[in-house]
Amino acid sequence: MKKFILSITSATLLFGTNFHFANAQNQDNFDNFSNSAYNNISNISNISNISDDDLFLKIRDAYRKKNKPLFNSFYSQLQLQNPNYPLMAYAQSYDLRFNFDNENSVAVKNFINQHPNELITELLIADWLVWLEKNNRWADILQNYRLIKSPSAESKCIFYKANLQNSANSANSVINEIKQNWISTEKGFIAPENNKICEEIFNKTYAINSAFSADEILSRAVLQIENNKISAAKKFLSAKSHLLNLSASATLTAAQINEAVENPMKFLAKNSGNINSSQTALLATLAIIKFSQKDPQQAAEKFISLQENSNFTPSLKTLAWSQIGANAAKQHLSAAQTWFDYAFANINKAQKDITLSDDVYEWAARAALRAKNFQNLAEIIQNKMPEHLKNQHVWIYWLARATNNKSLYKKISTRATQKYHFYNTLADEELGILPYLPADAKTTFSKAELAQIQANPNIQRALTLFRIDLRSLAVKEWAYANVNIFADSDDKLLNSAELAKNLQIWDREINTSEFTKTKHNFSQRYVAPYSNDIVPVAKEQGLDPAWVYGLMRQESRFVTHAKSNVGASGLMQLMPATAKWVANKIGLQGYHHGKVNNHDVNVLLGTSYMRIILEDLSGMPILATAAYNAGPRRAKRWRALNHLEGAIYAETIPFSETRDYVKKVLNNAVYYSMIFNQPKIMTLKQRLGVVDPKQ
């Protein structure tokens with residue numbers, strides 16, 4: 001196989017700039033210089049011989065180590081050497097961070113004014129807000145927070161705190177926003193327990209006009225347990241027990257909550273005959289909820305024997321049965337529907353402030369879907385789900401299926417939405433529209449157009465950051481430009497994607513092109529680098545190249561040196577143990593883990609693994625795709641007792657990551673088959689197939 005080549009070409013680009021991944025010359029000497037410099041700043045010499053890129057890396061390193069003298073030395077040299085260096089604004093922002101104080105506020109404000117609509121400004125403001133909060137600079141916080149387009153949880157909390165410094169009347173306007181961020185099925189939730197400022201402002205909010213009801217507090221605690229934030233739930237409930245409308249003089253201690261959630265069956269065995277207070281009923285409910293994560297069947301049986309006790313309010317019953325139902329649905333237990341029915345029956349009797357998570361509503365729908373109970377599915381989507389959920393394409397599609405309503409398919413078809421995702425493709429097929437490639441809206445790109453994109457300061461910094469292998473920050477810079485600067489113009493987005501394509505930054509090409517609203521370029525979205533080498537390997541393995549590329553696109557976006565947070569590597573994101581096992585299985589001589597990022601080896605091992613699991617899973621790509629992400633045993637375990645439509649199998653996969661992965665890989669494969677001009681184009685439904693029963 002030919003050697004794959006992944007480097008940003010050293011050809012002269014738009015502005016005559018040589019753009020390539022830099023390997024610092026004389027790196028050993030440079031590292032020795034760096035180490036000695038940290039040990040003895042006075043010994044710095046030959047600093048003028050260091051390249052701009054290496055100077056910046058040293059500036060960044062000195063800043064991160066809070067070594068101001070060394071930082072000043074390198075920063076001064078870069079200013080002297082190349083004042084127009086693309087990352088100079090980062091160096092300047094580091095310098096400002098060293099000197100946050102009242103006297104330096106003017107300099108910070110000047111920087112903000114000089115760099116409008118830039119990521120570097122928002123990053124600086126976020127850090128400045130922390131300093132402003134510590135120094136009670138509330139007016140500056142309110143003025144500058146609004147400049148952050150996508151504020152972090154911490155920045156939001158600082159903003160809320162600044163608002164709450166006003167009188168109660170003026171602060172009330174922000175209370176509802178705090179509540180929505182605190183517990184909201186639509187927006188998710190801020191975790192104040194992870195940030196002291198957030199915790200402070202939420203505690204203050206509790207004290208304002210009883211802003212949170214007992215049921216809102218209970219809903220929050222259950223949401224924490226649902227998301228496995230057990231320590232946070234214990235701390236939260238014990239601190240807020242006085243707001244829970246417990247029996248007279250009753251409180252909840254961290255020790256009591258710990259006993260209920262850390263060893264729930266022991267707690268229930270000890271207290272089941274002694275539920276004589278609202279306090280004990282609440283603890284028993286928490287124990288039931290926690291135990292249902294392990295054994296929803298046994299948790300349900302236990303709760304049935306308890307719930308007639310008058311201390312179990314409709315609110316407690318709603319929370320308990322909703323969690324039992326959700327955990328049962330994730331294990332594909334047929335009784336899940338019944339347990340959800342119990343939850344929905346009680347929620348109508350409970351206080352209006354009981355809030356169930358999106359996860360609960362979606363698993364109620366999936367339980368009905370898995371059972372092919374389309375009447376119940378329609379009832380849940382139409383009458384139980386919050387508006388923001390029922391309007392998602394996934395549930396519009398399944399409501400259309402449940403009610404045989406063609407107008408709903410039309411609502412989410414590719415032609416109506418200009419979107420080409422999993423359920424858009426399936427909706428097309430229900431309407432008799434076979435898979436198609438939209439004509440590329442833009443196929444020619446002038447030098448002037450690409451130059452305009454490259455001139456954007458966010459893009460300039462991104463390209464430099466890619467070059468010096470600070471990929472994570474480079475991706476943020478690139479995304480900021482496309483989301484906040486170019487998003488109003490499909491032409492600009494396509495130009496930006498084309499620039500990435502020319503530079504072989506495949507992941508940015510794909511992600512940028514996917515942002516377009518009405519003009520599309522599928523040769524960008526479904527780019528197929530290295531096809532002359534990978535397609536023959538796929539065919540040698542007996543695999544559909546479109547499926548291989550669909551998987552590879554989802555795994556790595558063709559970033560050859562990609563490494564996941566769990567240790568998967570390369571184009572096909574192989575885990576070390578999997579790579580070793582496959583190498584042994586196929587008899588690959590001389591393999592060791594250091595070779596996993598070799599492109600030839602990575603593709604050989606990845607496609608071999610695809611073939612092995614495909615053969616082991618009855619030749620079904622949907623099962624093999626799930627297995628590639630979550631393991632063959634899980635893919636087998638998720639099958640039903642009877643034949644199951646592939647789309648239902650995919651939608652009821654318990655792991656959200658794998659569920660999303662399977663949908664995207666198989667939808668990708670549909671479009672890659674057309675990119676590759678395959679003679680027979682399989683529909684998405686054909687690719688999904690019908691999954692054989694468990695053996």
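One can find the structure itself at the top, above this paragraph.
In this text, all values refer to a predicted model and were calculated from it rather than measured experimentally.

Asker: Can you walk me through empty space enclosed by the protein in this structure?
Answerer: The rolling of a water-molecule-sized probe over the atoms marks out the regions of remaining empty space. All chains considered together, the criterion is met by three cavities of 30 Å³ or more. Thr-414, Tyr-420, Thr-425, Asp-428, Glu-429, Ile-433, Leu-434, Pro-435, Tyr-436 and Tyr-671 together form the lining of the second largest cavity. A total of three residues in the lining of the second largest cavity trace back to one element, the largest contributor, which is helix α25 (residues 422-430). For the lining of the second largest cavity, the residue count by class is six nonpolar, two polar and two charged.

Asker: Looking at this structure, I do not really get the packing of aromatic side chains. What am I missing?
Answerer: Here a ring pair, both rings aromatic, is described through the centre-centre distance and the interplanar angle of the planes. Overall, the coordinates contain 34 aromatic pairs when judged by the stated rule. Ring centres of Phe-159 and Tyr-160 lie 6.0 Å apart, and the angle between their planes is 50°; this geometry places the pair in the tilted category. You'll find Phe-159 and Tyr-160 in the same group, each marked buried. Between Tyr-420 and Tyr-671, the aromatic rings sit 6.4 Å apart at their centres with planes inclined by 85°, giving edge-to-face as the arrangement. With a gap of 251 residues between them, Tyr-420 in the loop between α24 (414-417) and α25 and Tyr-671 in helix α39 (residues 656-675) connect regions that are remote in the sequence. Each member of the pair, Tyr-420 as well as Tyr-671, carries the same accessibility label: buried. Feature note: the residues Tyr-420, Tyr-436, Phe-522, Tyr-526, Tyr-549, Phe-558, Tyr-671, Tyr-672 and Phe-676 constitute an aromatic cluster, connected by ring pairs. In this structure, Arg-366 is placed above the aromatic ring of Trp-363, and the distance from its NZ or CZ to the ring centre is 4.7 Å. The ring of Tyr-526 carries the charged tip of Arg-553 above its face, separated from the ring centre by 4.3 Å.

Asker: How do you make sense of the pattern of salt bridges when you look at a structure like this?
Answerer: Here the structure, examined in full by the defined rule, presents 28 salt bridges. Of the charged contacts in the structure, one is a salt bridge between Asp-140 and Lys-109, with a shortest N-O distance of 3.5 Å. Taken together, the residues Asp-140 in helix α7 (residues 138-145) and Lys-109 in helix α5 (residues 105-114) connect sequence positions 31 residues apart. In this structure, Arg-611 engages Glu-615 in a salt bridge whose closest nitrogen and oxygen atoms are separated by 3.7 Å. Highlighted residues: Arg-611 and Glu-615, both in helix α35 (residues 599-616), separated by four residues, approximately one helical turn. Where salt bridges share partners, they join Lys-109, Arg-137 and Asp-140 into one cluster.

Asker: I tried to follow the state of the cysteines on my own but got confused; where do I start?
Answerer: A covalent bond between the sulfur atoms of two cysteines is what we call a disulfide. Under the criterion given, the structure shown has one disulfide. Two residues, Cys-157 and Cys-198, share a disulfide whose sulfurs are 2.0 Å apart. On the sign convention where negative is left-handed, the bridge of Cys-157 and Cys-198, at about 105° about the S-S bond, is right-handed. Of this pair, Cys-157 sits in helix α8 (residues 153-164) while Cys-198 sits in helix α10 (residues 196-207), placing them 41 residues apart in sequence. Of the two residues, Cys-157 and Cys-198, both sit in the buried class.

Cut-offs applied
- Residues numbered from 1 in each chain as written.
- Predicted model: local features only at pLDDT ≥ 70, side-chain atom pairs only at ≥ 80, totals over all residues.
- Heavy atoms only, no water.
- 1 Å grid on protein atoms, 1.4 Å probe; cavity = no way out; pocket = protein on both sides within 12 Å on 5 of 7 lines; lining within 4 Å.
- Points joined across faces, edges and corners; volume = space filled by probe spheres on them.
- Helix = DSSP H or I, 4+ residues; strand = E, 2+ residues; numbered from the N terminus.
- Nonpolar A, V, L, I, M, F, W, Y, C, P; charged D, E, K, R; others polar.
- Phe/Tyr/Trp six-rings, centres within 6.5 Å; stacked < 30°, edge-to-face > 60°.
- Buried < 20%, exposed > 50% of the residue type's maximum accessible area, 1.4 Å probe, protein only.
- Lys NZ or Arg CZ within 6 Å of the ring centre and 35° of its normal.
- Salt bridge = Lys/Arg side-chain N within 4 Å of Asp/Glu carboxyl O.
- Disulfide = S-S within 2.5 Å.

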